[in-house]
Amino acid sequence: VKSKFLWDRLRSVRQDLSLQQMYDAFAASALQQMVRYAIISEHELCEDAATAISPDGHNSHLNVEQLTKTLTTLRHIYDDHRAKQQALPLDHEAEMFALQLLLRIDSHGRYSVS
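Remember, it's a predicted structure, so these values are computed and weren't measured experimentally. (Residues numbered from 1 in each chain as written. Predicted model: local features only at pLDDT ≥ 70, side-chain atom pairs only at ≥ 80, totals over all residues. Heavy atoms only, no water.)

Asker: Quick rundown of the pattern of salt bridges? Include the residues and the values.
Answerer: Applying the stated criterion across every chain yields a total of eight salt bridges. Arg9 serves as the salt-bridge partner of Asp8, at 2.9 Å between the closest nitrogen and oxygen. The exposure class of Arg9 is partly exposed, given its relative accessible area of 39%. The salt bridge partner of Asp8 is Arg11, with a shortest N-O separation of 2.5 Å. Taken together, the positions of Asp8 and Arg11, both in helix H1 (residues 2-19) and three residues apart, correspond to about one turn of that helix. The exposure class of Arg11 is partly exposed, given its relative accessible area of 26%. Through salt bridges with shared partners, one network takes in Arg75, Asp79, Arg82 and Glu93. (Salt bridge = Lys/Arg side-chain N within 4 Å of Asp/Glu carboxyl O. Buried < 20%, exposed > 50% of the residue type's maximum accessible area, 1.4 Å probe, protein only. Helix = DSSP H or I, 4+ residues; strand = E, 2+ residues; numbered from the N terminus.)

Asker: Outline the environment of Leu45, supporting the account with residue identities and numerical values.
Answerer: On the secondary structure map, Leu45 appears in helix H2 (residues 25-45). Between the C-alpha atom of Leu45 and that of Asn59, which follows or precedes it by 14 residues, the distance is 8.9 Å. Among all residues touching Leu45, those that are not within four sequence positions of it are Ser3 and His58. (Contact = heavy atoms within 4.5 Å.)

Asker: Now, about the nonpolar core: what can you tell me, with residues and values included?
Answerer: Among the nonpolar cores identified, the biggest contains 16 residues, and Leu17, Leu31, Val35, Leu67, Leu71, Leu74 and Met96 are the most heavily contacted of them. Ranked by the residues each element gives to this core, the list is headed by H2, at seven residues. (Core = buried A, V, L, I, M, F, W, Y, C linked by side-chain atoms within 4.5 Å.)

Asker: Got a sec to walk through the packing of H2 against helix H4 (residues 93-104)? Specific residues and values, please.
Answerer: Orientation of H2 relative to H4, taken along the N-to-C sense of each, is 40°, at an axis distance of 11 Å. Considering the angle they form, H2 stands oblique to H4. Where H2 crosses over H4, the handedness of that crossing is left-handed. Side by side, H2 and H4 meet where Gln32, Val35, Arg36 and Ile39 of the first sit next to Glu95, Met96 and Leu99 of the second. Its residues assigned to classes, the contact of H2 with H4 comprises four nonpolar, one polar and two charged. (Axes fitted to C-alpha atoms, helices over the stretch in contact; angles between N-to-C directions. Parallel < 35°, antiparallel > 145°, perpendicular 65-115°, else oblique. Left-handed = near helix turned anticlockwise from the far one by under 90°. Nonpolar A, V, L, I, M, F, W, Y, C, P; charged D, E, K, R; others polar.)

Asker: Report on the packing of helix H3 (residues 60-83) against H4, specifying residues and quantitative values.
Answerer: Between H3 and H4, the shortest axis-to-axis distance is 10 Å and the interhelical angle comes to 140°. Taken together, H3 and H4 sit at an angle that is classed as oblique. By crossing handedness, the relation of H3 to H4 is classed as left-handed. Between H3 and H4, the residues in contact are Val64, Leu67, Thr68, Leu71, Thr72, Leu74, Arg75, Tyr78 and Arg82 and Glu93, Met96, Phe97, Leu99, Gln100 and Leu103, respectively.

Listed below in structure tokens is the structure:
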């Protein structure tokens with residue numbers, strides 16, 4: 001239950017950052033933390049999947065979908081700041097890019113490896 005509440009709040013924060021067009025260092029840092037939370041929650045809660053009997057379980061598909069959107073937003077922030085030659089601490093850009101690549105080879109949805 002706590003993870004669903006946090007997931008919903010973090011999703012709202014990500015949407016608010018986008019709606020308010022906040023693409024500064026604060027937004028990048030917040031999004032990086034959201035990515036790490038999504039990955040840890042996926043790892044910790046993957047055994048507690050939602051079922052017809054237990055609909056309050058973890059929904060991996062929604063979590064991975066939000067993770068993908070967050071990583072995509074981060075990629076746009078990095079690219080925009082690089083194109084504008086603005087100073088933005090990009091010390092975690094390589095980590096986020098690597099996580100995005102790993103997500104693409106995972107077996108979720110359209111990135112299914114067969």
